[in-house]
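This is what each chain is made of:
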Amino acid sequence: MASVTYDHVFKEFGSVTAVNDMNFNIEDKEFLVLVGPSGCGKTTALRLLAGLEEITRGEIRIGDRVVNDVPPKDRDIAMVFQSYALYPHLSVYDNMAFGLKLRKMPKDEIKRRVGEAADILGIHDLLDRKPRQLSGGQRQRVAVGRAIVREPKVFLFDEPLSNLDAKLRVQMRAEISKLHHRLQTTFIYVTHDQVEAMTMATRIAVINKGIIQQIDTPQVLYDKPDNLFVAGFIGSPAMNFFRAKLQKADGRLMVDTGDFAVGIPPERYDTYRNYIGREVVFGIRPEDIHDPNFLPANIHAETITAKVDVTELMGNEIFLYLVSGPNTFTARVDPRTRYQLGDTNKIAFNMDNFHLFDPETEKAIR
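Residues numbered from 1 in each chain as written. Predicted model: local features only at pLDDT ≥ 70, side-chain atom pairs only at ≥ 80, totals over all residues. Heavy atoms only, no water.

1. Details of the side chain of N350
Selection criterion: Only DSSP runs of H or I reaching four residues or more are called helices, and only runs of E reaching two or more are called strands; each is numbered from the N terminus. Exposure categories follow from relative accessible area, calculated using a 1.4 Å probe and restricted to protein chains: below 20% of the type maximum is buried, above 50% is exposed, and the middle band is partly exposed. Two N or O atoms count as a polar contact when they lie within 3.5 Å, although within protein this holds only if one can serve as hydrogen donor and the other as acceptor, and sequence-adjacent residues are included solely when both atoms are side-chain atoms. Here, residues are in contact when the closest pair of their heavy atoms is within 4.5 Å.
Within the secondary structure, N350 sits in strand β19 (residues 344-350). Take N350: its relative accessible area is 5%, and that puts it in the buried class. Among the polar contacts made by the side chain of N350, one reaches the main-chain amide nitrogen of D352 at a distance of 3.0 Å. Those residues in contact with N350 that sit more than four places away from it in its chain are I284, D288, H290, I299 and H300.

2. What about the side chain of R75?
For clarity, the threshold we go by: By the counting scheme adopted, Arg and Lys are positive, Glu and Asp are negative, and His together with the chain ends is not counted. The salt bridge criterion pairs a side-chain nitrogen of Lys or Arg with a carboxyl oxygen of Asp or Glu, the two atoms within 4 Å.
Mapping R75 onto the fold places it in the loop between β5 (65-66) and β6 (77-80). We note that R75 is buried and unpaired, the nearest opposite charge coming from D69 at a distance of 6.9 Å. Here V67 takes part through its backbone oxygen, which lies 2.7 Å from a polar atom of the side chain of R75.

3. Considerations on the packing of helix α2 (residues 92-102) against helix α4 (residues 136-148)
The line we're drawing: The axes are straight lines fitted to the C-alpha atoms, using for helices just the contacting stretch, and the angles between their N-to-C directions are given from 0 to 180°. Under this scheme an angle from 65 to 115 degrees is roughly perpendicular, one under 35 degrees roughly parallel, and one over 145 degrees roughly antiparallel; angles in between are oblique. Left-handed describes a crossing whose near helix is turned anticlockwise from the far helix by less than a right angle; the clockwise case is right-handed. Each residue gets one of three labels, nonpolar for Ala, Val, Leu, Ile, Met, Phe, Trp, Tyr, Cys and Pro, charged for Asp, Glu, Lys and Arg, and polar for the others, Gly among them.
Between α2 and α4, the least distance of the axes is 8 Å, while the angle of their chain directions is 30 degrees. Taken as axis vectors, α2 and α4 run roughly parallel relative to one another. Regarding α2 and α4, the two cross each other, and that crossing is right-handed. Of the residues in α4, those touching α2 at V92, N95 and M96 are V142, G145 and R146. Partitioning the contact of α2 with α4 into residue classes produces three nonpolar, two polar and one charged.

4. Things to note about the pattern of salt bridges
Under the counting rule described, the total for this entry stands at 21 salt bridges. The residue E287 makes a salt bridge to R332 at a minimum N-O spacing of 3.9 Å. One end of the pair, E287, is in the loop between β14 (279-284) and β15 (289-290); the other, R332, is in strand β18 (residues 327-333), with 45 residues separating them in the sequence. R336 is paired through a salt bridge with D334; the nearest N and O atoms lie 2.9 Å apart. Salt bridges linked by common partners bring E109, R112, R113, E116 and E151 together as one network.

5. Describing the pairing of strand β20 (residues 354-357)
Spelled out, the test is: Each pair of strands is called paired provided DSSP finds at least two bridges between the two strands.
With burial as the criterion, each face of β20 is covered, one bearing F354 and L356 and the other bearing H355 and F357. Note that β14 and β20 share four bridges and pair antiparallel. Across the sheet, the residue bridging to V281 is F357, located in β20.

6. A closer look at the confidence of the model for the chain
Filter applied, for reference: The predictor reports its confidence for every residue as pLDDT, a score running from 0 up to 100.
Mean pLDDT for the chain: 93, with 100% of residues reaching 70 or above. Summarising per-element confidence for the chain, the mean pLDDT is lowest in helix α5 (residues 166-183) (86) and highest in β14 (98).

7. Some remarks on a nonpolar patch on the surface
Convention followed: For patch building, the residue pool is restricted to those with more than 30% relative accessible area and no salt bridge; the joining distance is 9 Å between like charges and 5 Å between nonpolar side chains (Val, Leu, Ile, Met, Phe, Trp, Tyr). Note on areas: Shrake-Rupley with a 1.4 Å probe; residue coverage comes only from the protein chains shown.
A grouping of Y87, F98 and L102 is seen on the molecular surface, where their side chains present a nonpolar patch of about 280 Å² in accessible area. Position of L102 among the secondary structure elements: in helix α2. Judged by relative accessible area, L102 falls into the exposed class, the value being 59%.

8. Details of the sheet that holds strand β13 (residues 261-263)
On the basis of which strands lie adjacent, the open sheet formed by five strands has the order β13-β12-β11-β14-β20 and antiparallel pairing. Looking along the sheet, the strands with just one partner apiece sit at the ends: β13 and β20. Adjacent strand axes in the sheet meet at a mean angle of 40 degrees when their direction is disregarded. Pairing geometry for strand β11 (residues 240-249) and β14, over six bridges, is antiparallel. By the bridge assignment, F242 is partnered in β14 with F282.

9. Section: the environment of L313
Mapped onto the fold, L313 is located in strand β16 (residues 301-313). It is 9.9 Å that separates the C-alpha atoms of L313 and V333, two residues lying 20 residues apart in sequence.

10. Here we look at the sheet that holds strand β9 (residues 203-208)
Strand order in this open sheet of six strands is β6-β7-β8-β3-β9-β10, and the pairing throughout is mixed. In the strand order of this sheet, the two ends are held by β6 and β10 (211-216), each with one partner. Put simply, the sheet's adjacent strands are angled 15 degrees from each other on average, direction ignored. Pairing of β6 with strand β7 (residues 154-158) involves four bridges; the strand directions are parallel. Bridge pairing in β7 places I77 opposite V154. Helix-sheet contacts for α4 involve β6 and β7, and the interaxial angle to β6 is about 175 degrees.

11. Quick notes on the environment of S162
Looking at where S162 falls in the secondary structure, it is placed in the loop between β7 and α5. You can call S162 partly exposed: its relative accessible area is 30%. Residues S162 and D193, 31 residues apart in the sequence, show an inter-C-alpha distance of 9.1 Å. Setting aside residues up to four positions removed in sequence, S162 forms contacts with Q82, R169 and H192. In this structure the side chain of S162 is engaged in a polar contact, spanning 3.3 Å, whose partner is the side chain of E159.

Structure, rendered in structure tokens:
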């Protein structure tokens, strides 16, 4: 097993910097997810570690070994791609054994490794089949099995679930999490899907334009985003943002959007004292906006009036798309809510769970 270190790593394609001063450490046996929008540099970062791209500047270490100039086959890593990349003319067994045969490994050892991987993944009864006889989920299991048999120090996953339908993605997320727990190996996983990241990761690195915006546990990213990008990327539906001004009125500290104003709890006054009279970005998650008739207990609620523009009944909850003056925002409310399209109603903000950001630096104000 091994840790992985990116030491001030850059990757440039001509005038484009795809990876910009990436500098962090992945602990041994950790499950780290690189997440971000398409084109943000997350797959490039993975390919640099795999040796499929050449580093422009900096160092990558696996354990204590610098691997910048080490060929991919000698880095002791295994990679699972978005495409299954199986040989169509070979059986499942031979697909999984192919890399081991190239290394001239003894037949008994190959049989042991393939058998153990098949047991772990529940594909023992598929070993004689060809890829065309398998479902998408079964093919992805074979691709993962082909990586497992190598018994590498580090597993790399590049959006491996993107080709699967929604139900199968949920199932395979759980399978990969269980696999990590069972193998106790370092996993590095790339995805643009923040739900995958939140449900699977030990830690998440949020990347934008080749730069790591924040790296921490899923809960810390959700509760304490460092900047506007992380706040808007983590969470589904996304956090609502309002341009506002921090004002003092009648001894209270208020966030004033120009269309509505909500009060800040007194215990947080000191945090924002230096921003009184200044522009801010007010952020609040849809799950912290409620129908006042079904408020959670013991919260600091501030009510405003808003018009219902769209409703989406989800069964266990309702999404309300709301309008207040020029502001549009989303609420995730109790399924007993009876608000109808076109209604103008009271809406309650949970002001125990709001965020303020500096509009110039886009950093969280803490």
